[in-house]
There are 2 protein chains.
Amino acid sequence: MKEQRILELIEQKNYIDLKKELSEMNEVDVSEILNDLDSSVTLLVFRMLPKDMAVDVFSHFSPEQQAGIIHAVSDKELKYILDELFFDDMIDLIEEMPANIVNKILAHSTADERKLINQFLKYPAHSAGSLMTIEYVELKKNMTVQEALDHIKEFGLSKETIYTCYVTNKNRKLEGIVSLRKLVVSEGSKCIKEIIHEDVIYVETHDDQEEIANIFKRYGFMALPVVDKERRLTGIITFDDIMEVMEQEATEDFQIMAAMSPS
Amino acid sequence: MKEQRILELIEQKNYIDLKKELSEMNEVDVSEILNDLDSSVTLLVFRMLPKDMAVDVFSHFSPEQQAGIIHAVSDKELKYILDELFFDDMIDLIEEMPANIVNKILAHSTADERKLINQFLKYPAHSAGSLMTIEYVELKKNMTVQEALDHIKEFGLSKETIYTCYVTNKNRKLEGIVSLRKLVVSEGSKCIKEIIHEDVIYVETHDDQEEIANIFKRYGFMALPVVDKERRLTGIITFDDIMEVMEQEATEDFQIMAAMSPS
């Protein structure tokens, strides 16, 4: 097994092979292996990971390991982690951390970021607002397909999903969506206006997660836009977060049913 | 409500507005409305749908409505539906239809297609083989990024997902994956070899759907490749089909639990 191999390499202090093996693994698997180690060992191995992988691995750690890492790393390293973390993972992190660590995190945020974090912390649990992320690709109706693709090429790697792009007007109202699939197969000179899909299914920030899970199951969407009462785009929810919700809801239903059965 | 509006337009025989409204709706919603109507009315409205939408709507119909449509349409229309249907929907269709309709469907297939259909019908229920589809984008290691994008532009629209592309060698063995995201942000002159992700997580045709659902939940994948015993790529499973499985499995677990409780 891969886990066995990794643990052996750590034991043998064979950091060259360890680094190579880790860099080829999936982030979820790496985080699971490191999660069970002593925090000093975790930190040592964590620092060997390729930078872009490290943040992903970090987001899958238990709150205890995350706290240990934040406590131990330098300000520069912490800033890198916080900058690269997806916004929804950042909110989860702040919700889980003790006050002293939250303060350390907030000290690295700008005033604008703190305002946004505060806004997100106020959404009710199990609401669309608490599930959504702000990393999405925003396009304008009068861009051409080529301009849209250039925009994605420039900013795309830091977005959670680039496969559905959201078209907004100057007041940030949601006007429609365009899939990356459509962009890739369309002529570069075409206008977004010509290929936009305007009849979009969306949810509002206060809608409940069970209702949202049902929309995902019904339509098979990859992502769903979240708007405020004025239909301004405020975030998106991606299918992988909804799979977790489906799991949670099923477990909850079970527990209710188990509680009803005579013991 | 939209449904009310559609039913009124059908009642009023206002086909111009009906056609317009339907063409802007989501296929799942259209199919749900039509599914409850008399089969003669369904056929009438079904024929008004834009061609690319019609096949999607058809795939969401109940087996009874599907049988009614196949029975009533011309050979030319049937051929179009069958040609455009995703392969996994085609297999589902054949499994649900009575013998006389299956014969009508097979009469429209080539010898090669019939061979493939037979192979797929043999996969055990709840196995990877029974869930997978054969519509995926296949790339070669020595293609450039630009060649890959051109290939997707040419063939992409008929594929179920183009967001993960599969790299195979000349014996169709799976060598790795490349996401469309990576293709879009890479230089056109780069070689697939340079951006391929070789350490791929995959399943085998006979693996069980519950195990597959767990892999999707764990990693948040959009699609998962399915290989045979020789690691040759035989299909892919997409996340939307797995959401249905998760729902089924939860219901099954419920029923088992309910059966165990005293009535």
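Because the structure is a prediction, the values reported are computed rather than measured. (Residues numbered from 1 in each chain as written. Chains lettered and ligands numbered in written order. Predicted model: local features only at pLDDT ≥ 70, side-chain atom pairs only at ≥ 80, totals over all residues. Heavy atoms only, no water.)

### Quick notes on the interface of chain A and chain B
Interfaces are frequently sized by the accessible area removed from exposure as the parts join. Taken together, the contact between chain A and chain B spans 47 residues of the former and 47 residues of the latter. Applying the counting rule to chain A against chain B returns eight salt bridges. Viewed at the interface, chain B and chain A are joined by 19 residue pairs in polar contact (both at pLDDT 80 or more). Elements represented by at least two residues in the side of chain A that touches chain B include exactly helix 3 (27–35), helix 12 (145–155), strand 2 (161–168), helix 13 (180–185), helix 15 (209–219) and helix 16 (239–260) of chain A. Of all the elements, helix 16 of chain A adds the most residues to the side of chain A that touches chain B, at 11 residues. Considering only residue class, the side of chain A that touches chain B consists of 24 nonpolar, eight polar and 15 charged. (Contact = heavy atoms within 4.5 Å. Salt bridge = Lys/Arg side-chain N within 4 Å of Asp/Glu carboxyl O. Polar contact = N/O pair within 3.5 Å; in protein donor to acceptor, adjacent residues only side chain to side chain. Helix = DSSP H or I, 4+ residues; strand = E, 2+ residues; numbered from the N terminus. Nonpolar A, V, L, I, M, F, W, Y, C, P; charged D, E, K, R; others polar.)

### With respect to the domain arrangement of chain A
Residue and element names in this part refer to chain A. Parsing chain A into structural domains produces domain 1 (2–122) and domain 2 (130–245). Relative placement of domain 1 and domain 2: their C-alpha centres are 28 Å apart. Domain 1 puts six residues into the contact, and the matching count from domain 2 is 10 residues. For the pair domain 1 and domain 2, the summed buried area comes to about 670 Å², and 62% of that belongs to carbon and sulfur atoms. (Domains from an automatic or database assignment. Buried area = accessible area lost by both parts, 1.4 Å probe.)

### Things to note about the packing of helix 8 (residues 87–96) of chain B against helix 10 (residues 111–121) of chain B
Residue and element names in this part refer to chain B. The geometry of helix 8 relative to helix 10 is characterised by a closest axis approach of 11 Å and an angle of 70° between their N-to-C directions. With respect to helix 10, the element helix 8 is oriented roughly perpendicular. Side by side, helix 8 and helix 10 meet where F87, I91, I94 and E95 of the first sit next to L116, I117, F120 and L121 of the second. The residue makeup of the contact of helix 8 with helix 10, split by class, is seven nonpolar, no polar and one charged. (Axes fitted to C-alpha atoms, helices over the stretch in contact; angles between N-to-C directions. Parallel < 35°, antiparallel > 145°, perpendicular 65-115°, else oblique.)

### A look at the environment of K76 of chain B
Residue and element names in this part refer to chain B. Note that K76 resides in helix 7 (residues 75–84). By relative accessible area, which is 74% here, K76 ends up exposed. Placed 32 residues apart in sequence, K76 and H108 show a C-alpha to C-alpha distance of 9.8 Å. (Buried < 20%, exposed > 50% of the residue type's maximum accessible area, 1.4 Å probe, protein only.)

### Quick notes on the environment of V227 of chain A
All names here are of chain A. Among the structural elements, V227 can be located in strand 5 (residues 223–227). Put simply, V227 and A128 are 99 residues apart on the chain and 9.4 Å apart in space, counted from C-alpha to C-alpha. Every residue in contact with V227, bar those within four places of it in the chain, is listed here: L174, Y202, V203, E204, T205, R232, L233 and T234.

### Re the sheet that holds strand 1 (residues 136–139) of chain A
Residue and element names in this part refer to chain A. A sheet is described by the order of its strands in space; here three strands give the open sequence 1-2-3, paired in mixed fashion. Pairing within the sheet leaves two strands with one partner each, and these edge strands are strand 1 and strand 3 (174–179). Across the sheet, the axes of successive neighbouring strands diverge by a mean angle of 35°, strand direction being ignored. Across five bridges, the pairing between strand 2 and strand 3 is antiparallel. Bridge assignment links C165 to a residue of strand 3, and that residue is V178. Against the sheet, helix 12 engages strand 1 and strand 2, with an angle of about 150° to strand 1. (Pairing = 2+ DSSP bridges.)

### Focus: the packing of aromatic side chains
Under the criterion given, the structure shown has 14 aromatic pairs over all chains. Considering the side-chain rings of Y163 of chain A and Y163 of chain B, the 4.1 Å spacing of their centres and the 25° angle between planes classify their relative orientation as stacked. Remark: Y163 of chain B occurs in strand 2 (residues 161–168) and Y163 of chain A occurs in strand 2; the pair is interchain, linking two chains. This pair shows no difference in class: Y163 of chain A is buried, exactly as Y163 of chain B is. Ring geometry for F120 of chain B against Y123 of chain B: centres 5.5 Å apart, planes inclined by 90°, an arrangement best described as edge-to-face. For the pair F120 of chain B and Y123 of chain B, one class covers both residues: buried. A cation over an aromatic ring shows up here: K51 of chain A above the ring of Y80 of chain A, its NZ or CZ 4.3 Å from the ring centre. (Phe/Tyr/Trp six-rings, centres within 6.5 Å; stacked < 30°, edge-to-face > 60°. Lys NZ or Arg CZ within 6 Å of the ring centre and 35° of its normal.)

### Looking at the side chain of T42 of chain B
All names here are of chain B. For T42, the location among the structural elements is in helix 4 (residues 39–46). Take T42: its relative accessible area is 0%, and that puts it in the buried class. What T42 contacts, discounting residues up to four positions off in sequence, is L34, L37, F61, Q65 and I69.

### Quick notes on a negative patch on the surface
Together, E64, D92, E95, E96 and E244 of chain A make up a region of like negative charge exposed at the surface. Per element, the largest residue contribution to the negative patch is three residues, and it comes from helix 8 (residues 87–96) of chain A. (Patch = residues over 30% accessible without salt bridge, like charges linked within 9 Å, V, L, I, M, F, W, Y side chains within 5 Å. Areas by Shrake-Rupley, 256 points an atom, 1.4 Å probe, with all protein chains shown as cover. Lys, Arg positive; Asp, Glu negative; His and termini not counted. Charge placed at Lys NZ, Arg CZ, Asp CG, Glu CD.)

### What to know about the relation of the copies chain A and chain B
Between the two copies, chain A and chain B, the superposition gives an RMSD of 0.0 Å; the rotation angle is 180° and the shift along the axis is 0.0 Å. Here the transformation between the copies is reduced to the relation of a two-fold axis. Most of the interface of chain A is mirrored in chain B: 100% of its interface residues are interface residues there too. (Least-squares fit on C-alpha atoms with pLDDT ≥ 70 in both.)

### Details of the nonpolar core
Membership of the largest hydrophobic core comes to 157 residues, with the highest contact counts inside it found for L180, L183 and I242 of chain A together with L180, L183 and I242 of chain B. What L180 of chain B contacts, discounting residues up to four positions off in sequence, is Y163, L180 and V184 of chain A together with L149, I152, I162 and Y163 of chain B. (Core = buried A, V, L, I, M, F, W, Y, C linked by side-chain atoms within 4.5 Å.)

### So, the pairing of strand 2 of chain B
Residues and elements named next belong to chain B. With eight of eight residues buried, strand 2 lies mostly within the body of the structure. What joins strand 1 (residues 136–139) to strand 2 is helix 12 (residues 145–155), and the crossover it makes is right-handed. From the end of strand 2 to the start of strand 3 (residues 174–179), which pair antiparallel, there are five residues, and R172 there has a positive phi angle of about 70°. (Right-handed = clockwise from strand over helix to strand, strands pointing away.)

### Digging into the state of the cysteines
All names here are of chain A. Inspection of every chain in the model, using the stated rule, returns zero disulfides over all chains. Unpaired in this structure, C165 has its nearest cysteine sulfur neighbour in C191, at a distance of 15 Å. The class for C165 is buried, based on a relative accessible area of 0%. (Disulfide = S-S within 2.5 Å.)

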